[in-house]
Amino acid sequence: MRSWRLAGALGLSAALLVLSACEYAGLFRPSVLGQVDPEMATLMNELPNLDEPNEAIIGRIYATGGASRAELGSDGIMRDRIRIPKDEYLWYPAVIIMPRGGTLELDITNEDHRLHAIFAASNGDRQIMSLPAATRGVIRVQLDQPGYYWFGCPVENHLGRGMLGLVLVKGEVPPEARLDRPPQPQAGNRRPPRAHH
Amino acid sequence: MRTTKLAFVAAAASLLAGCYPSERAPNWPVTQRQEPFKQLDAAMRHSAPPVADAVTFERIVRARSEPHNWLTYYGAYDGHRFSSLRQINTDNVARLRPAWTFQAVPIGIIPKHSEFTLEAAPIVVDGVMFLAGWDGYVWALDAATGEELWRYRHAIPLDTPLCCGNVNRGVAVARGKVFYSTPNGHLLALDARTGEPVWTKIWVDVRAGESSTMAPLIVKNMVIVGSSGAEYGVRGHIDAFDIDTGQRIWRRYGVPKPGEPGSETWGNEEAWQRGGGSAWITGSYDPALDLLYWNTSNPSPDFDGSPRPGDNLYTDSVLALDPNTGEIRWHYQFTPHDVWDYSGVNENILFEEGGRKLLAHFDKNGYLFVLDRQTGARVRIVRFYDRANWGRIDPATGAVSDRREPTREGIEICPGPAGAKEWPHATYSQQTGLLYTPVVDACATFRKFPMPFREGLSWHGGDFKVDRAQVHGGAVKAYRPDGTLVWEWRSRHPIVASLLSTAGGLVFVGTPDGIFIALDARSGRQVWQFRTGSGIHSNPVTYSVNGTQYIAVPTGAGGWMKGFSPELLGHERGGTLFAFSLADAASAGAQSSAGSPR
Ligand SMILES: [Cu+2]
């Protein structure tokens, strides 16, 4: 009995240790829990059922694939890798986070048995790259301002079936473009941006 | 026991596995390469002749001497939107036919087509047309054939805080460059031969709710722009940048800081910080007086005046600015303490009367203001919208009485927040000496309610609704500058396209259901029409190439439809520029053949 308890405690602390070392721990932050309203919880519980052809695809679009932070290279270019797994019509990851505006290089592997392509917002013109079955390609886009931009697969209606991705550019408007006024009240738990000058 | 332990280890291991991607991408060789989308268009030349190299400030000052071109937003600095071209005239206008069209159909994620509108005034320089569209598009076209010469598209974040539609009113061209301000407030100088960026300057604060929609104006060595966003509690501004380097030369805020002149008209300590007064329509310029006339928009919040007691300078005003410094030489406020969104941004038409230098401005509030443009002195005020009941302006003193303000329960007030005339511009015909204005004849039910200000979120302090029964139609009205009404042409729907007058005795007008019409400038009689198939909410222009006169009109209504034409919200959309010429002239010349016999 005693050793069962010991094992339980050991197991639990091992689990907690593991949890604290990964993204799951972050889910228990009050700022995150605050966003998980009943509708969101319903959606997450329904996901296994939604994740089937001819079921509502909506649950997959941003909830599957996950987010990834692009890494800033010593050459100033931000880089990330995306997989297109077999039979899923999804980008892994589907949300790419750029620490700031600039050039993003995406190294994309199409592991699927069918043609996909990427069509992505970029300054100058949208960039397009085709990815026949079992191929890999590299695409660079220029995105220069905080905000989010989309990329998607233009083959047939793959965009609607789940191949819709986003690039989130973090950062602030440059000081010289900011309004000359004191920090203003913000919505929700957004923090006011630093005062300029 | 042992099995329980193992179970926990297994559980921990599986959790650990869940923390990291279980699969890595295979290490295949990279074989696929990207292309810009336009590279897939073998029909595009990707370059334009260097016509813009020789466009200088001096040439724009004398734009009237080269009527074959449309060198600046209004055609010339005087804001007339008049052309001395007369090949197309009242005698032959019945033979006006489309010569070519340019289709700018949106691709990608479009939440709602009505947000996307072609509103631009195309700029035409020696046979090349420079056009701006929605969502970051700029094109160079062959003005005689419509062939696409180059294309530039800036990537616009999906969360850019737009007030009223994804629109842009055009570019400016000078010294080999095309100047364009993106919806998210990047001022771009593009190489006019290739469309490649030469310099970029971020000049608006999207995080604060600012955006950009107007066509820049070239004055001397500067490119001048004004901000959008008075629906978001911003502090509007007009900025001047060096043409060659993009360095900012000055910024003038539409709302003064405490201690600055005009600050005494804000009866609340903090109101100036989010007072509105954006400046989203291109100004006019008088080179002889060296004065820039640039107007400001509504105060914030739109419908609830209680957070901002006072007149709220310099909102809803014309500012006469020293273009070298941005200093205000004089100002005139059209709607003091506005609570109806009667943004006074509309154009100023510069004209002379008995040797006196005047300025005419048809305001959203339903009154025509004629001012001395040297001093700002009031010359005359004429009501051009009979149904206006928001208040009464005394023509002698300019004072406003009998104000009818939004209420908590809702009250009908005329005109609605689109105004008696929306931003689309009036015209002054140098041939007839008449002013012509588009009219929106629609009222609205206005409500006000307190609304806390949150940076970056829209801040109306109320709302409005325009019922179908409150839309009474529209009109084109012709006035002598002394305020006498000469004729009125009525339309079923509000008129929300800029007017164009020509020395051919014509006034061109587009309707929001897509009919492009020519009126006899002297009588107001309709003499020609063409159904374009999509609403018109833009700036038609005229020009000529190799002796053929063209009338060009971008179509595709949308934008803020619910404000000015809610009865057409479900109307089919488009995005096509039509260029018209006379039937016999159009077939001549410049059309290159698509193939050849063998
Ligand atoms: Cu695909």
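Note that this is a predicted model, so its numbers are computed, not measured.

Peer 1: Please clarify how the overall build of chain B should be interpreted in this entry.
Peer 2: Looking only at helices and strands, chain B features four helices and 40 strands. Relative to the compact-globule value of 25 Å for 598 residues, chain B shows a C-alpha radius of gyration of 26 Å, a close match. In terms of principal-axis extent, the alpha carbons of chain B reach across some 105 × 80 × 50 Å. The burial tally for chain B puts 65% of its 598 residues in the buried class. A separation of at least 24 residues holds for 61% of the contacts in chain B among residues at least 6 apart in sequence. Measuring between centres, the 59 positive side-chain charges of chain B sit 3 Å from its 61 negative side-chain charges.

Peer 1: Would you mind going over the overall build of chain A with me for this structure?
Peer 2: In terms of regular secondary structure, chain A is built from six helices and ten strands. Counting every position in chain A, which comprises 197 residues, the buried fraction comes to 47%. Taking contacts inside chain A between residues at least 6 apart in sequence as the whole, the part at least 24 apart equals 57%. Approximately 10500 Å² of chain A is accessible, and the part contributed by carbon and sulfur atoms is 58%.

Peer 1: How do you make sense of the coordination of the copper ion when you look at a structure like this?
Peer 2: Four donors placed tetrahedrally about a metal ideally form angles of 109.5 degrees, and six donors placed octahedrally ideally form angles of 90 or 180 degrees. Around the copper ion, the donor atoms from the protein are His-116 of chain A (ND1), Cys-153 of chain A (SG) and His-158 of chain A (ND1), and they sit 1.9 to 2.2 Å away. Site description for the copper ion: donor spacing in sequence, H-x36-C-x4-H.

Peer 1: Explain the interface of chain B and chain A to me, please; I cannot follow it from the model alone.
Peer 2: Contact residues are listed per partner, giving 66 residues for chain B and 65 residues for chain A. The largest contributions to the chain B side of the interface with chain A come from Gln-34, Arg-207 and Glu-455 of chain B, which together make up 13% of the buried area. A salt bridge links Glu-172 of chain A to Arg-207 of chain B; the nearest nitrogen and oxygen atoms lie 3.9 Å apart. Linking chain B with chain A are 38 residue pairs in polar contact (both at pLDDT 80 or more). Going through the elements one at a time, α1 (2-19), β1 (32-33), β2 (35-36), β8 (148-153), β12 (197-202) and β16 (248-253) of chain B are the ones with two or more residues in the side of chain B that touches chain A. Take the side of chain B that touches chain A: its biggest share by element is eight residues, from α1 of chain B. Taken together, the residues that form the side of chain B that touches chain A break down as 33 nonpolar, 13 polar and 20 charged. In the sheet, strand β8 (residues 135-143) of chain A pairs with β1 of chain B via two bridges, with the strands oriented parallel.

Peer 1: Would you explain the sheet that holds strand β18 (residues 291-295) of chain B in this entry?
Peer 2: Backbone hydrogen bonds are what pair the strands of a sheet, in a parallel or an antiparallel way. Residues and elements named next belong to chain B. Ordered in space as β17-β18-β19-β20, the four strands form an open sheet in which the pairing is antiparallel. In this open sheet, the two strands that pair with only one neighbour each are β17 (284-286) and β20 (328-333). Neighbour-to-neighbour, the strand axes of this sheet turn through a mean angle of 20°, independent of strand direction. Inspection of the sheet shows β18 paired to strand β19 (residues 317-321) by four bridges, in the antiparallel sense. Across the sheet, the residue bridging to Tyr-293 is Ala-320, located in β19.

Peer 1: When you look at the packing of aromatic side chains in this model, what are you seeing that I'm missing?
Peer 2: How two aromatic rings sit relative to each other is given by the distance of their centres and the angle of their planes. Inspection of the entire model under this criterion finds 33 aromatic pairs over all chains. Here the aromatic residues Phe-508, Phe-516, Trp-528, Phe-530, Phe-578 and Phe-580 of chain B are joined through ring pairs into a cluster of three or more. Of note, Arg-161 of chain A hangs over the ring of Tyr-89 of chain A, and the distance from its end group to the ring centre comes to 4.3 Å. Positioned above the aromatic ring of Trp-423 of chain B is the side chain of Arg-169 of chain B, whose terminal nitrogen or guanidinium carbon lies 4.8 Å from the ring centre.

About the thresholds
- Residues numbered from 1 in each chain as written.
- Chains lettered and ligands numbered in written order.
- Predicted model: local features only at pLDDT ≥ 70, side-chain atom pairs only at ≥ 80, totals over all residues.
- Heavy atoms only, no water.
- Helix = DSSP H or I, 4+ residues; strand = E, 2+ residues; numbered from the N terminus.
- Rg over C-alpha atoms; globule rule 2.2 N^0.38 Å.
- Buried < 20%, exposed > 50% of the residue type's maximum accessible area, 1.4 Å probe, protein only.
- Contact = heavy atoms within 4.5 Å.
- Lys, Arg positive; Asp, Glu negative; His and termini not counted.
- Charge placed at Lys NZ, Arg CZ, Asp CG, Glu CD.
- Areas by Shrake-Rupley, 256 points an atom, 1.4 Å probe, with all protein chains shown as cover.
- Donors = N, O, S within 2.8 Å, 3.2 Å for Na, K, Ca; no water.
- Buried area = accessible area lost by both parts, 1.4 Å probe.
- Salt bridge = Lys/Arg side-chain N within 4 Å of Asp/Glu carboxyl O.
- Polar contact = N/O pair within 3.5 Å; in protein donor to acceptor, adjacent residues only side chain to side chain.
- Nonpolar A, V, L, I, M, F, W, Y, C, P; charged D, E, K, R; others polar.
- Pairing = 2+ DSSP bridges.
- Axes fitted to C-alpha atoms, helices over the stretch in contact; angles between N-to-C directions.
- Phe/Tyr/Trp six-rings, centres within 6.5 Å; stacked < 30°, edge-to-face > 60°.
- Lys NZ or Arg CZ within 6 Å of the ring centre and 35° of its normal.

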